[in-house]
Amino acid sequence: MHRLLRAVTVAAATLALLAVPVAAQAQDTAVYYVALGDSYSSGSGAGPYAEAVCQRSLKAHPSLLAVELGAEFTFMACGGATTDDVLAVQVQALDAETDLVTIGIGGNDIGWTEAITACITPFQNCTPAIQEAERKATEELPAKLDAVYIEIETRAPDAEVVVTGYPRLFAARNTCDAFGSISIAEQQRMNVGADVLSAVIQETAEAHGFTYVDVRDEFTGHEVCSQQPWLHGFTLIDVPYHPKASGHGAGYLPAVLGAL
């Protein structure tokens, strides 16, 4: 068991033996949790939204985790966020009292949305866009992640930090999505790009002593074009290529809980 849950358990057991008022117990045992990141952390696509501009969903895995832990929760993740946004705004919620930080960031820094858009555009070769995203992931993203992680370490020196990755998007067995405009080969190529991004985030997170949560196994069998997808495919009525509520509740949440 990791130190966060162990600390909460020990504190609760100790206080149960003491004649301490209930209010004081709650104050002493509270877990102060801050969630940082982009749309995969804010819950874009999961709905309903407690905050519309950033699409912070009540069914996003940070919201669910806060309930599971009974934590004092500050939700800073925001749809569309980059590492620069985390540094400029989101980290301000951290301080020395923070016990737990989760963060999922990096996809917007490498132009992943642009690569997906290229692949769903008929008669367009999206390989160059994927290659450019991979180049940014390997050559530019590590330094950007380092800057974010150092700031987290500085502002919340005693916090347990959990870094969440991204799932592969496509089942890559048929062409059900986007009116059949994404070939199986393109789906496979996008999944390779997702693996490159995951590897970069994992290596950088672990270099800082953070816990990396890889959700690719959890989402295997639940990608776009699978029988029970946990991700939206091409859609005009929701947020495409983002986890549904099921992806957060059955994919991300158990993976994060298993890491604590």
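Before reading on, note that the structure itself is shown above.
Keep in mind the model is a prediction, meaning the values are calculated, not measured.

Helix and strand content of the chain: 11 helices and seven strands. Residues classed as buried in the chain amount to 50% of the 260 residues present. With the model as given, the accessible surface of the chain reaches about 11,600 Å², and the carbon-plus-sulfur share is 55%.

Turning our eyes to something else, we now look at a nonpolar patch on the surface. On the surface, Phe179, Phe234, Leu236 and Ile237 cluster together into a nonpolar patch covering about 590 Å² of accessible area. Tracing the chain through its elements places leucine 236 in the loop between α10 (216-219) and α11 (245-259). Overall, the relative accessible area of 78% leaves leucine 236 in the exposed class.

Further remarks concern the packing of aromatic side chains. Across all of its chains, the model carries seven aromatic pairs by this definition. Seen from their ring centres, phenylalanine 219 and tryptophan 230 are 5.7 Å apart, and the 80° between their planes marks the pair as edge-to-face. Of the two residues, phenylalanine 219 is situated in helix α10 and tryptophan 230 in the loop between α10 and α11; the sequence distance between them amounts to 11 residues. Exposure remark for phenylalanine 219: the relative accessible area of 1% places this residue in the buried category. Site record: aromatic cluster; members linked through ring pairs are Tyr33, Phe73 and Phe75.

Before going further, it helps to spend a moment on the state of the cysteines. Tallied over the full model, the rule gives three disulfides. Across the disulfide, cysteine 176 is cross-linked to cysteine 225 (sulfur-sulfur distance 2.1 Å). The S-S bond linking cysteine 176 to cysteine 225 shows a torsion near -100°; that makes this disulfide left-handed. Of the two residues, cysteine 176 is situated in the loop between β6 (160-164) and α9 (184-207) and cysteine 225 in the loop between α10 and α11; the sequence distance between them amounts to 49 residues. The exposure class assigned to cysteine 176 is partly exposed, which follows from its relative accessible area of 49%. What makes cysteine 225 buried here is its relative accessible area of 11%. Going through the chain in sequence order and numbering each bonded cysteine, the pairs you get are 1-2, 3-4, 5-6.

This paragraph deals with the sheet that holds strand β5 (residues 100-104). The pairing of strands in a sheet happens through backbone hydrogen bonds and is either parallel or antiparallel. Read across the open sheet, the five strands follow the order β4-β1-β5-β6-β7; overall the sheet is parallel. Two strands bound the open sheet, and with one partner strand each, they are β4 (72-75) and β7 (211-213). With direction set aside, neighbouring strand axes in the sheet form an average angle of 20°. Summarising the sheet, strand β1 (residues 32-37) and β5 pair through five bridges and their orientation is parallel.

Grouped together as the largest cluster of nonpolar side chains are 72 residues, with contacts concentrated most on Leu36, Ile103, Trp112, Tyr149, Ile152, Val163 and Ile201. The residues contacting isoleucine 103, other than those within four sequence positions of it, are Leu36, Gly37, Ser41, Val86, Val148, Tyr149, Ile152, Val162, Val163 and Thr164.

Counting through the fold element by element, serine 39 comes out in helix α3 (residues 39-42). Excluding residues within four positions of it along the chain, serine 39 makes contact with Ser44, Cys78, Gly79, Gly80 and His242.

This part takes up the environment of glutamine 187. Along the polypeptide, glutamine 187 turns up in helix α9. Judged by its relative accessible area of 0%, glutamine 187 is buried. Ignoring sequence-local partners within four residues, the contact set of glutamine 187 consists of Phe170, Ala171, Ala172, Arg173, Asn174, Thr175 and Ile182. A polar contact of 2.9 Å, which involves the side chain of glutamine 187, links it to the backbone nitrogen of alanine 172.

Our focus in this paragraph is the pattern of salt bridges. Applying the stated criterion across every chain, the model contains 10 salt bridges. Glutamate 132 is the salt-bridge partner of arginine 135, the closest N and O atoms lying 2.9 Å from each other. Of this pair, arginine 135 and glutamate 132 both sit in helix α7 (residues 127-139), three residues apart, roughly one helical turn. Glutamate 139 is the partner of arginine 135 in a salt bridge, and the nearest nitrogen-oxygen pair spans 3.1 Å. One end of the pair is arginine 135 and the other is glutamate 139, both in helix α7 and four residues apart, which spans about a single turn. Take glutamate 139: its relative accessible area is 56%, and that puts it in the exposed class. What emerges from the salt-bridge pattern is a single network uniting Glu132, Arg135, Glu139 and Glu140.

How each quantity is defined
The residue numbering used here restarts from 1 in each chain and proceeds along that chain's sequence as written. Confidence filtering applies because this is a predicted model: local features only for residues at pLDDT of at least 70, side-chain atom pairs given and counted only at 80 or more, and all residues used for totals across whole chains, interfaces and linings. To obtain the side-chain values, all non-hydrogen atoms of the structure were included, while hydrogens and water were left out. Strands are runs of DSSP state E lasting at least two residues, helices are runs of H or I lasting at least four, and both sets are numbered from the N terminus onward. Accessibility here uses a 1.4 Å probe with only protein chains present; expressed as a share of the type maximum, an area under 20% marks a residue as buried, one over 50% as exposed, and anything in between as partly exposed. Values of accessible area rely on a 1.4 Å probe in the Shrake-Rupley scheme; residue burial ignores everything except the protein chains shown. Without a salt bridge and with relative accessible area above 30%, a residue can belong to a patch; like charges are then joined within 9 Å and nonpolar side chains (Val, Leu, Ile, Met, Phe, Trp, Tyr) within 5 Å. Every case where a carboxyl oxygen of Asp or Glu lies within 4 Å of a side-chain nitrogen of Lys or Arg is listed as a salt bridge. What counts as a ring pair is set by centres within 6.5 Å for rings of Phe, Tyr and Trp (its six-membered ring), and what kind of pair is set by the plane angle: stacked under 30 degrees, edge-to-face over 60, tilted for all other angles. Two cysteine sulfur atoms form a disulfide, by the criterion used here, when they sit within 2.5 Å. The pairing criterion is simple: DSSP has to find at least two bridges between the two strands. Orientation is described by axes fitted as lines to C-alpha atoms, over the contacting stretch for helices, and by angles from 0 to 180 degrees between their N-to-C directions. We define a nonpolar core as any set of buried Ala, Val, Leu, Ile, Met, Phe, Trp, Tyr and Cys residues linked to one another through side-chain atoms lying within 4.5 Å. Should any heavy atoms of two residues lie within 4.5 Å, those residues are considered in contact. Think of a polar contact as two N or O atoms within 3.5 Å of one another; within protein, one of them needs to be a possible hydrogen donor and the other a possible acceptor, and neighboring residues in sequence only count if both atoms come from side chains.

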